[in-house]
Amino acid sequence: MELTPTGSVTFLPTAGTNAAARPLTPDATALAALAAGHDVVRQPLGEILPRLSAVLAVLIPHLAAAELSTHCAHSPFKVSGDTAPAARIGAADLEPLFLAGVPGEPWQGTAWIAGAERPVVAVMTDATPRGALLVLVREDGAAPVDAGALAVTQALWSLVTSHFDRLATEATPGALARSRAAADTRARVIAELGETHSAALTGLLGVLRSRRLDDTAARATATELAVSALIELRAEADRDKAVAEERADDAFGRLADALRALVRHSSVRLELAPPESVRHVAADVAHAARAIVRAVVLTVLEQETTTRVRVGWQITEQELRATVRDDGPGALSLCDLGSARVADRLDVLGGRLEVDAVPGWGTTVTAVVPLATPEAPASADPLRALGPRELQVLARLALGHRNRVIAQELHISESTVKFHVAKILTKLGVASRGEAAALFHAAA
């Protein structure tokens with residue numbers, strides 16, 4: 001189903017149907033908008049923005065669609081589009097439009113998006129408590145959008161965000177589990193990037209404060225640090241988009257480079273003890289270990305009497321042990337490391353933090369990161385093993401819907417529903433649909 005510039009719509013066949021496309025007359029604009037809204041909100045969560053973009057493309061041709069939605073705690077920023085601008089849009093591009101947006105009053109003009117001034121349509125709604133923004137990025141020289149198209153876009157965006165808000169408020173157990181997992185991952189990524197940023201700023205500050213460098217040398221050194229930091233930030237962002245592994249010695253080498261930049265212009269002597277093992281470790285373990293060590297070293301460097309810091313990694317079959325030892329006053333505690341949220345990051349991976357402080361001799365901080373994140377007990381979340389489509393089937397099964405009804409609602413065949421039901425029973429370890437429904441309601 002697509003809207004047309006004149007206000008009429010064309011319904012396209014959905015999966016599993018043989019209905020021919022049939023146009024509606026212009027006086028059916030309201031019905032068309034409602035049908036468009038229904039078509040969008042029935043999509044899986046990850047497909048809603050792409051489908052909304054496709055629906056609006058006829059009314060408002062655009063290169064990319066982006067949203068900043070405060071109702072979505074684990075993924076407030078999303079982008080849809082296959083064009084070059086889509087790949088370069090960031091949340092920072094949308095923030096000024098979000099702050100300036102007026103709910104119910106779509107705005108069109110130019111804004112700095114994806115590294116250039118581009119024509120955009122910005123639609124703000126207060127259908128959620130803290131508001132939500134939709135931005136359509138258009139081609140240069142695009143004709144202004146008429147008031148009717150803007151009104152339909154506003155109505156659809158308010159409808160979609162209302163649907164989002166309901167899902168956030170009434171989330172099923174499976175959705176909550178996925179949200180928590182995504183939130184943990186996102187928090188870890190943000191923390192790691194923040195520590196990289198903090199390390200870069202600390203290095204720049206060390207250059208500016210140094211009395212050993214003249215102005216020319218200071219500028220050159222600061223520029224080198226800034227360029228390296230930008231490259232590292234972009235590399236970290238790229239790495240966090242993929243599931244990968246790193247050799248332990250290579251992972252430590254990257255950490256060593258970052259730590260040397262921190263102490264390059266200070267009087268603190270840095271000693272490094274790389275791991276003897278060359279085995280591969282999961283990327284998230286390596287990322288976490290580097291971020292934790294950087295955070296601890298930053299805290300250690302704040303002690304005025306510290307002259308030496310030793311950093312080492314040890315790899316065993318089960319865990320990575322990262323140790324930071326200093327010769328400071330020996331007064332550090334877990335509370336002193338709390339501002340860096342070191343313990344919180346370790347909790348995500350099932351690790352632990354140990355602090356051994358000896359007054360007058362120094363402090364040893366040891367972070368232990370399991371090489372494999374322990375699985376949560378099955379009883380804690382019986383729905384954890386189910387995939388997104390299986391959760392959709394189970395939710396309808398728990399309402400007493402038969403296979404035929406579930407197939408119609410999800411636009412799949414009955415045989416596919418039967419296949420999903422069989423997989424659900426196997427994964428949950430139950431023998432009947434009733435037992436599966438009981439587990440679903442118990443988890444709710």
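Residues numbered from 1 in each chain as written. Predicted model: local features only at pLDDT ≥ 70, side-chain atom pairs only at ≥ 80, totals over all residues. Heavy atoms only, no water.

Going by an unreviewed UniProt entry, the chain carries the name Helix-turn-helix transcriptional regulator and comes from Streptomyces chryseus.

## A short note on the overall build of the chain
A tally of helices and strands in the chain yields 14 helices and 15 strands. Going through the 444 residues of the chain one by one, you find that 41% of them count as buried. Taking the intrachain contacts of the chain between residues at least 6 apart in sequence as the baseline, contacts between residues at least 24 apart amount to 61%. Carbon and sulfur atoms make up 56% of the accessible area of the chain, which amounts to about 22800 Å² in all. (Helix = DSSP H or I, 4+ residues; strand = E, 2+ residues; numbered from the N terminus. Buried < 20%, exposed > 50% of the residue type's maximum accessible area, 1.4 Å probe, protein only. Contact = heavy atoms within 4.5 Å. Areas by Shrake-Rupley, 256 points an atom, 1.4 Å probe, with all protein chains shown as cover.)

## Considerations on the pairing of strand β6 (residues 107-113)
Pairing of β6 with strand β7 (residues 116-125), which is carried by 7 bridges, proceeds in the antiparallel orientation. Along β7, the bridge assignment pairs Q108 with V121. Here β6 folds back onto β7, and the loop between the two strands holds 2 residues, one of which, A114, carries a positive phi near 55°. (Pairing = 2+ DSSP bridges.)

## Concerning the packing of helix α11 (residues 388-398) against helix α13 (residues 414-428)
The packing of two helices is summarised by the inter-axis angle and the distance between the axes. Contact geometry for α11 and α13: axes closest at 10 Å, N-to-C directions at 95°. Comparing their axes, α13 and α11 come out roughly perpendicular. Facing R389, E390, V393, L394 and L397 of α11, the residues of α13 in contact are V417, H420, V421, K423, I424, K427 and L428. Its residues placed into classes, the contact of α11 with α13 shows 7 nonpolar, 1 polar and 4 charged. (Axes fitted to C-alpha atoms, helices over the stretch in contact; angles between N-to-C directions. Parallel < 35°, antiparallel > 145°, perpendicular 65-115°, else oblique. Nonpolar A, V, L, I, M, F, W, Y, C, P; charged D, E, K, R; others polar.)

## Things to note about the side chain of T366
As for its position among the elements, T366 is in strand β15 (residues 362-370). Residue classification places T366 among the buried residues on the basis of a relative accessible area of 9%. Contact partners of T366, with chain neighbours within four places excluded, come to R321, A322, T323, R352, L353 and E354.

## Some remarks on the confidence of the model for the chain
Confidence along the chain averages 76 in pLDDT terms, with 70% of residues attaining 70 or more. Confidence, read as mean pLDDT per element, is least for strand β2 (residues 9-11) in the chain (39) and greatest for strand β12 (residues 308-315) (94). Contacts of residues 239-243 to residues separated by more than four positions or lying in other chains number 6 contacts, the stretch itself having pLDDT below 50. Overall, residues 373-379 carries pLDDT values under 50, and its contacts beyond four positions in sequence, including any with other chains, amount to 6 contacts. (pLDDT = per-residue confidence, 0-100.)

## What about the pairing of β15?
Most of β15 sits out of view: 9 of its 9 residues are buried. Of the two faces of β15, both are covered, the one formed by G362, T364, T366, V368 and P370 as well as the one formed by T363, V365, A367 and V369. Across 7 bridges, the pairing between strand β13 (residues 319-326) and β15 is antiparallel. Paired with E319 across the two strands is P370, which belongs to β15. Here 7 bridges tie strand β14 (residues 352-358) to β15, and the two strands are oriented antiparallel to one another. Bridge pairing in β15 links V358 to G362.

## What to know about the sheet that holds strand β5 (residues 77-80)
Spatially, 5 strands are ordered β5-β4-β8-β7-β6 in an open sheet, and the strand pairing comes out antiparallel. Each edge of the open sheet is held by one strand with a lone partner, namely β5 and β6. Strand after strand, the sheet turns through a mean of 30° between neighbouring axes, direction not considered. The strands that helix α2 (residues 48-56) touches are β4 (64-69), β5 and β8 (132-137); relative to β5, the one it contacts most, it runs at about 50°.

## Here's the deal with the environment of Q314
Mapping Q314 onto the fold places it in strand β12. In this structure Q314 comes out as exposed when scored by relative accessible area, which is 52%. On a C-alpha basis, the gap between Q314 and P275 in space is 5.2 Å, while along the polypeptide they are 39 residues apart. Once you skip the residues sitting within four places of it in the chain, Q314 turns out to touch E319, L320 and R321.

## Some words on the side chain of Q303
When you line up the elements, Q303 lands in the loop between α9 (283-301) and β12. Residue classification places Q303 among the buried positions, given a relative accessible area of 12%. In this structure the side chain of Q303 is engaged in a polar contact, spanning 3.2 Å, whose partner is the side chain of T306. Beyond its immediate stretch of four places on either side in the chain, Q303 contacts D326, G328, P329 and L332. (Polar contact = N/O pair within 3.5 Å; in protein donor to acceptor, adjacent residues only side chain to side chain.)

## Overview of the pattern of salt bridges
Across all of its chains, the model carries 11 salt bridges by this definition. Residue R247 pairs with D249 through a salt bridge whose shortest N-O separation is 2.5 Å. For the salt bridge of E317 with R279, the shortest nitrogen-to-oxygen distance reads 4.0 Å. Residue E317 is located in the loop between β12 and β13, and its partner R279 is located in the loop between β10 (269-273) and β11 (280-282); the two are separated by 38 residues in the primary sequence. Judged by relative accessible area, which is 62%, E317 ranks as exposed. Residue classification places R279 among the partly exposed residues on the basis of a relative accessible area of 31%. (Salt bridge = Lys/Arg side-chain N within 4 Å of Asp/Glu carboxyl O.)

## Describing the sheet that holds β12
Strand order across the open sheet formed by 5 strands is β10-β12-β13-β15-β14, with mixed pairing between neighbours. The open sheet has two free edges, formed respectively by β10 and β14, since each of these has just one partner strand. The sheet shows a mean angle of 10° between the axes of neighbouring strands, taken without regard to direction. Examined bridge by bridge, β10 and β12 share 5 bridges and lie parallel to one another. Bridge pairing links L272 to V311 in β12. Taken strand by strand, helix α8 (residues 248-263) contacts β10 and β12, and its axis lies near 170° from that of β12.

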